[in-house]
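Results of the structural survey
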Amino acid sequence: MIQDRPYAQTLTRLREAGLRPTRQRLALGRLLFDGGDRHVTAEALHEEAQKAGVSVSLATVYNTLHQFTEARLLREVVVDSARTYFDTNTNDHHHFFMENTGSLMDIDGEKIFITGLPEAPEGTDIARVDVIVRLQGAPLSQG
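Right, let's talk about the overall build of the protein chain for a bit. Summing up its helical and strand segments, the protein chain has four helices and six strands in all. Tracing the protein chain from N to C terminus, the helices and strands come up as α-α-β-α-α-β-β-β-β-β. Each of the three principal axes of the protein chain carries a C-alpha extent, and together these read 50 × 45 × 35 Å. Taken over 143 residues, the protein chain has a buried fraction of 31%. Taking the contacts inside the protein chain whose residues are at least 6 apart along the sequence as the reference set, 42% of them involve residues at least 24 apart. A total of about 9,700 Å² of accessible surface is found on the protein chain, and carbon and sulfur atoms cover 49% of it.

For helix H4 (residues 58-70), which comprises 13 residues, the first-to-last C-alpha distance of 18 Å matches the rise-based estimate of 18 Å (1.5 Å per residue) to within 8%. Along H4, the residues classified as buried are Val61, Thr64, Leu65, Phe68 and Thr69. Along H4, the residues classed as buried sweep out an arc of 140° about the axis, all on the same side. As for H4, its buried residues are in contact with helix H1 (8-16), helix H2 (23-33), helix H3 (42-51), strand S2 (75-80) and strand S3 (83-87).

This brings us to the pattern of salt bridges. The full count for this structure, using the stated rule, is six salt bridges. For Asp130, the salt bridge goes to Arg128, with nearest N and O atoms at 2.9 Å. Given a relative accessible area of 43%, Asp130 falls into the partly exposed group. A residue is classified by how much of its surface remains accessible, and Arg128, at 43% relative accessible area, is partly exposed.

So, on to H1. Every buried residue belonging to H1 is among Ala8, Thr10, Leu11 and Leu14, and all of these are buried. Considered in projection along H1, the buried side chains sweep an arc of 160° and stay on one side of the axis. Where H1 is buried, its residues meet H2 and H4. Just downstream of H1 lies Gly18, where phi reads positive at about 80°.

Cut-offs used in this document
Residues numbered from 1 in each chain as written. Predicted model: local features only at pLDDT ≥ 70, side-chain atom pairs only at ≥ 80, totals over all residues. Heavy atoms only, no water. Helix = DSSP H or I, 4+ residues; strand = E, 2+ residues; numbered from the N terminus. Buried < 20%, exposed > 50% of the residue type's maximum accessible area, 1.4 Å probe, protein only. Contact = heavy atoms within 4.5 Å. Areas by Shrake-Rupley, 256 points an atom, 1.4 Å probe, with all protein chains shown as cover. Expected span 1.5 Å × (residues − 1). Arc of directions from axis to C-beta. Salt bridge = Lys/Arg side-chain N within 4 Å of Asp/Glu carboxyl O.

Following this line, the structure appears as structure tokens:
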């Protein structure tokens, strides 16, 4: 079995998005993309990077997350004025927000139907509609 180099997947993503593969982008990209879809704050990613031995400032983490978002590698989810998450799942979907834990869970985009949207002002188009369903309490275990 042939194994990819550790950063091969992230390197390919960055190049396809037109981003130069700097050391910081590669390291943060690997943390973000090598474990499946996830929602992360800049602070949580910074802490994860520090634990993984990646020397990077919080400002660099913020800048990189915003560069990845502009390149459509991530999707920014603003829960409120004090909470912004970055989502590695860029497909059409919405979110449950667990108010007690501060975590997000995906809702399939085909499970929510939005009707009655107003017409966009002249010269503009609706780019996307984000739905965040806020939950209280703890979900019952499925097992």
